[in-house]
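Below, each chain spelled out in residue letters.
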Amino acid sequence: MTYIVNEKCINCRYTDCVEVCPVDCFYIGENTIVIHPDECIDCGVCEPECPAEAIQPDSDMDENLEYWLEINRKFSEIWPNATQKRPPLPDADSLNPAMGYEEDKTNDLSENPGPEE
Ligand code: SF4
Ligand code: F3S
């Protein structure tokens with residue numbers, strides 16, 4: 001069992017989530033973040049912290065969940081660990097699905113790593 005980050009994080013990357021994770025299992029990319037599924041202890045603390053509502057449990061009956069679980073697994077092995085909050089990306093609020101942005105951001109994922117701490 002794990003939580004995962006889905007496409008809603010892309011180009012927002014608020015990073016409120018990383019500050020509350022008790023096991024530091026977030027890994028940061030150029031324009032999103034992922035959770036390492038084998039390190040997550042399924043505590044659920046991060047889910048309500050995300051302003052984009054991008055975090056969900058893998059118990060959700062979401063048709064895209066398997067896809068995002070694999071994205072989280074793949075990039076958590078490659079990208080740097082993130083434990084400190086950073087400023088959101090520049091257009092975060094205007095691209096935030098929880099604030100009314102309606103386009104699917106799946107294809108906007110950058111595979112480039114984010115900044116080291
Ligand atoms: Fe970290 Fe808990 Fe969120 Fe998993 S569910 S990523 S352990 S805060
Ligand atoms: Fe992304 Fe939400 Fe964390 S936008 S960086 S999952 S707080």
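The structure we're discussing is the one just above.
Residues numbered from 1 in each chain as written. Chains lettered and ligands numbered in written order. Predicted model: local features only at pLDDT ≥ 70, side-chain atom pairs only at ≥ 80, totals over all residues.

Trainee: Tell me about the site of ligand 2, residues and numbers included.
Mentor: For ligand 2, the set of nearby residues contains 14 residues, the closest of which are Cys-9, Cys-17, Ile-33, Cys-50 and Ala-52. A breakdown of the residues in the shell around ligand 2 according to their chemical character gives 10 nonpolar, one polar and three charged. (Near = placed C-beta within 6 Å. Nonpolar A, V, L, I, M, F, W, Y, C, P; charged D, E, K, R; others polar.)

Trainee: Go over the site of ligand 1, please, and point to the residues and values.
Mentor: Near ligand 1, the surroundings consist of 13 residues, among which Tyr-3, Cys-21, Cys-40, Cys-43 and Cys-46 are the closest. Here the residues of the shell around ligand 1 are counted per class, giving 11 nonpolar, one polar and one charged.

Trainee: Mind laying out the environment of Asn-96, listing which residues take part and the relevant values?
Mentor: Relative to the helices and strands, Asn-96 resides in the segment after strand 5 (81-82). Classification of Asn-96 by C-beta neighbours within 10 Å gives buried; the count is 20. Beyond its immediate chain neighbours, meaning those up to four positions away, Asn-96 contacts Cys-12, Pro-51, Ala-52 and Tyr-101. (Helix = DSSP H or I, 4+ residues; strand = E, 2+ residues; numbered from the N terminus. Buried ≥ 20, exposed ≤ 12 C-beta atoms within 10 Å, placed from the backbone. Contact = placed C-beta atoms within 7 Å.)

Trainee: Go over the nonpolar core with me, naming the residues and quoting the values.
Mentor: One finds Val-5, Cys-17, Phe-26, Tyr-27, Ile-33, Val-34 and Ile-35 to be the most contacted residues of the largest nonpolar core, which totals 29 residues. Elements with a minimum of two residues in this core: strand 1 (3-5), helix 1 (16-20), strand 2 (26-28), strand 3 (33-35) and helix 2 (65-76). When residues no more than four places from it in sequence are discounted, the contact partners of Ile-33 are Val-5, Cys-9, Arg-13, Thr-15, Cys-17, Phe-26, Tyr-27, Ile-28 and Ala-82. (Core = buried A, V, L, I, M, F, W, Y, C linked by C-beta atoms within 7 Å.)

Trainee: Before we move on, could you go through the environment of Pro-80 and cite the residues and values that matter?
Mentor: Relative to the elements of secondary structure, Pro-80 occurs in the loop between helix 2 and strand 5. Pro-80 gets classed as partly exposed once you count the C-beta atoms within 10 Å, which come to 13. Along the primary structure Pro-80 and Pro-115 are separated by 35 residues, whereas in three dimensions their C-alpha atoms are 7.3 Å apart. If we skip the residues at most four places from it in the chain, Pro-80 touches Tyr-27, Ile-28, Pro-113, Gly-114 and Glu-116.

Trainee: So what's going on with the sheet that holds strand 5? Which residues, and what values?
Mentor: Across a sheet, paired strands are connected by hydrogen bonds in the backbone, their directions being either parallel or antiparallel. The three strands lie next to each other as 3-2-5, forming an open sheet whose pairing is antiparallel. A single partner strand is all that each edge strand has here, and the edge strands are strand 3 and strand 5. Inspection of the sheet shows strand 2 paired to strand 3 by three bridges, in the antiparallel sense. Opposite Phe-26, over in strand 3, you have Ile-35 as the bridge partner. Packed onto the sheet, helix 2 meets strand 2 and strand 3 and runs at close to 100 degrees relative to strand 3. (Pairing = 2+ DSSP bridges. Axes fitted to C-alpha atoms, helices over the stretch in contact; angles between N-to-C directions.)

Trainee: Talk me through the environment of Asn-31; I want residue IDs and the actual numbers.
Mentor: Relative to the helices and strands, Asn-31 resides in the loop between strand 2 and strand 3. With 19 C-beta atoms packed within 10 Å, Asn-31 lands in the partly exposed category. Remark: the alpha-carbon pair of Asn-31 and Met-61, spanning 30 residues in sequence, is separated by 26 Å. If we ignore the near neighbours within four places in the chain, the residues touching Asn-31 are Ile-10, Asn-11, Arg-13, Leu-89 and Ser-110.

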